[in-house]
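The residues making up each chain are set out below.
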Amino acid sequence: MAAGRACYVLALAAYYTGASPDGVEHARRAIAHLERGRSRAELSWLGQSQWVLGLHLFLRGEFDAALDAEATVEATAARLGGEPRLRSFAAWTSGWILATRGEWDRAIEACRRAVADSPDPVNTALATGRLATAYLEKGEAAEALPLLERSVDQLAGFRFPQLQGLFTALLAEARLLTGDPIGARDAAERAVALTRDGRYPFGLAWARRALARIARAAGDLDAAAAQLAEALVVFVSIHTRFEAARTQLELAELAQARGDLAGATAGLAEAGQALASMMVSRYDERLGALRAALGLVR
């Protein structure tokens, strides 16, 4: 069991450092070591390893494989008599995946289950933040806002700067969408500081993208482009394919707004190809609108 636990720890560390290819490998090794076990402890570590595998697959844009991995977590939890921690982990991670892909109602349902099943305050804060994520992805920022405030406050008390920073970036987006640009900027800048100090590149890229959206809303297209470019570099470097693709789409839209038609065309092609390869259709309308604006639709 020791080898399996060690591989799990390496897989989880790879999530925070942005090394998903290594994380997938470590998680699969952990599973190979632990799936032969029969004790409760071995099954618990197995479920956690299956969970972190799904997390890494999701960040790489392998949505179906990630959901399959989380389903195995549910099965392992059932072998443990419905172990609530594993059930909650699997539910909020599945909810995050579904929300990102555009299946918002299923995502909200899953995240609500995660909150209900949560056995401890830290996980409740994470599940609440993911429920807020589902609402925010759906475009219901008013529903997301109080949930994010609660999650951020709880994570601050637990001294968890990485995820506190990530959810603070989401809080910035919710504030922007609900008409509070000053509060949004304050939150985004705080998110940058937290994720940078916590050495959490995924959260830092998200915070940079939030700052870009705030700058664009204020009419500062140059600042928005600079922040998006920084976010994209990080998303690409840590192999988060979907987040890189939708950031590339935002950059392409911004390039078109700034009159950079060549940049917009190139960015559109890259984003469109990546999103199609991941079979994500939720951005088809935006891709089509940009193609039309660039005169690429006959």
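Before reading on, note that the structure itself is shown above.
Note that the coordinates shown come from a computational prediction; the quantities given were computed from them, not determined experimentally.

Basis of the calculations
Residues numbered from 1 in each chain as written. Predicted model: local features only at pLDDT ≥ 70, side-chain atom pairs only at ≥ 80, totals over all residues. Heavy atoms only, no water. 1 Å grid on protein atoms, 1.4 Å probe; cavity = no way out; pocket = protein on both sides within 12 Å on 5 of 7 lines; lining within 4 Å. Points joined across faces, edges and corners; volume = space filled by probe spheres on them. Helix = DSSP H or I, 4+ residues; strand = E, 2+ residues; numbered from the N terminus. Nonpolar A, V, L, I, M, F, W, Y, C, P; charged D, E, K, R; others polar. Buried < 20%, exposed > 50% of the residue type's maximum accessible area, 1.4 Å probe, protein only. Contact = heavy atoms within 4.5 Å. Core = buried A, V, L, I, M, F, W, Y, C linked by side-chain atoms within 4.5 Å. Phe/Tyr/Trp six-rings, centres within 6.5 Å; stacked < 30°, edge-to-face > 60°. Lys NZ or Arg CZ within 6 Å of the ring centre and 35° of its normal. Expected span 1.5 Å × (residues − 1).

Structural notes on empty space enclosed by the protein
Right, on to step 1. Overall, the coordinates contain one cavity of 30 Å³ or more when judged by the stated rule.
Right, on to step 2. Reported here for the largest cavity is a volume of approximately 40 Å³.
Right, on to step 3. Taken together, Phe58, Leu59, Phe63, Thr100, Phe202, Phe242 and Glu243 form the lining of the largest cavity.
Right, on to step 4. Secondary-structure elements contributing two or more residues to the lining of the largest cavity are helix 3 (40–59) and helix 13 (241–257).
Right, on to step 5. Counted by class, the lining of the largest cavity contains five nonpolar, one polar and one charged residues.

Comments concerning the environment of alanine 245
Right, on to step 1. Looking at the element boundaries, alanine 245 is found in helix 13.
Right, on to step 2. Classification of alanine 245 as buried rests on a relative accessible area of 4%.
Right, on to step 3. Between the alpha carbons of alanine 245 and alanine 231 there is a distance of 11 Å; along the sequence they are 14 residues apart.
Right, on to step 4. With residues near it in sequence (within four places) discarded, alanine 245 still touches Ala271, Ala274, Leu275 and Met278.

Notes on the nonpolar core
Right, on to step 1. Within the largest apolar cluster, 106 residues are counted, with the highest numbers of intra-cluster contacts made by Tyr15, Leu163 and Phe202.
Right, on to step 2. Contact partners of leucine 163, with chain neighbours within four places excluded, come to Tyr15, Tyr16, Leu126, Leu155 and Tyr200.

Section: the packing of aromatic side chains
Right, on to step 1. Applying the stated criterion to the full structure yields 16 aromatic pairs.
Right, on to step 2. What links up through ring pairs into an aromatic cluster is the set Tyr15, Tyr16, Phe58, Phe63, Trp96, Phe160, Tyr200, Phe202, Trp206, Phe235, Phe242 and Tyr283.
Right, on to step 3. A cation sits over an aromatic face here: arginine 130 above tryptophan 96, 3.5 Å from the ring centre.
Right, on to step 4. Seen from the ring of tryptophan 206, arginine 209 lies directly overhead, with NZ or CZ sitting 4.6 Å from the centre.

Comments concerning helix 11 (residues 201–217)
Right, on to step 1. Here helix 11 contains 17 residues, and its C-alpha end-to-end distance of 24 Å stays within 8% of the 24 Å for a straight helix at 1.5 Å per residue.
Right, on to step 2. Of all 17 residues that make up helix 11, 14 are buried, and the element is covered over most of its length.
Right, on to step 3. Phi for glycine 219, located one or two positions after helix 11, is positive at around 90 degrees.

Some points on unusual backbone geometry
Right, on to step 1. Notably, arginine 199 is not glycine yet its phi reads approximately 55 degrees, a positive angle.
Right, on to step 2. Despite not being glycine, methionine 279 has its phi angle at roughly 55 degrees, a positive value.
Right, on to step 3. Residue position: methionine 279 is located in the loop between helix 14 (261–277) and helix 15 (284–293).
Right, on to step 4. A relative accessible area of 65% means that methionine 279 is categorised as exposed.

Just distances and angles here, no functional claims.
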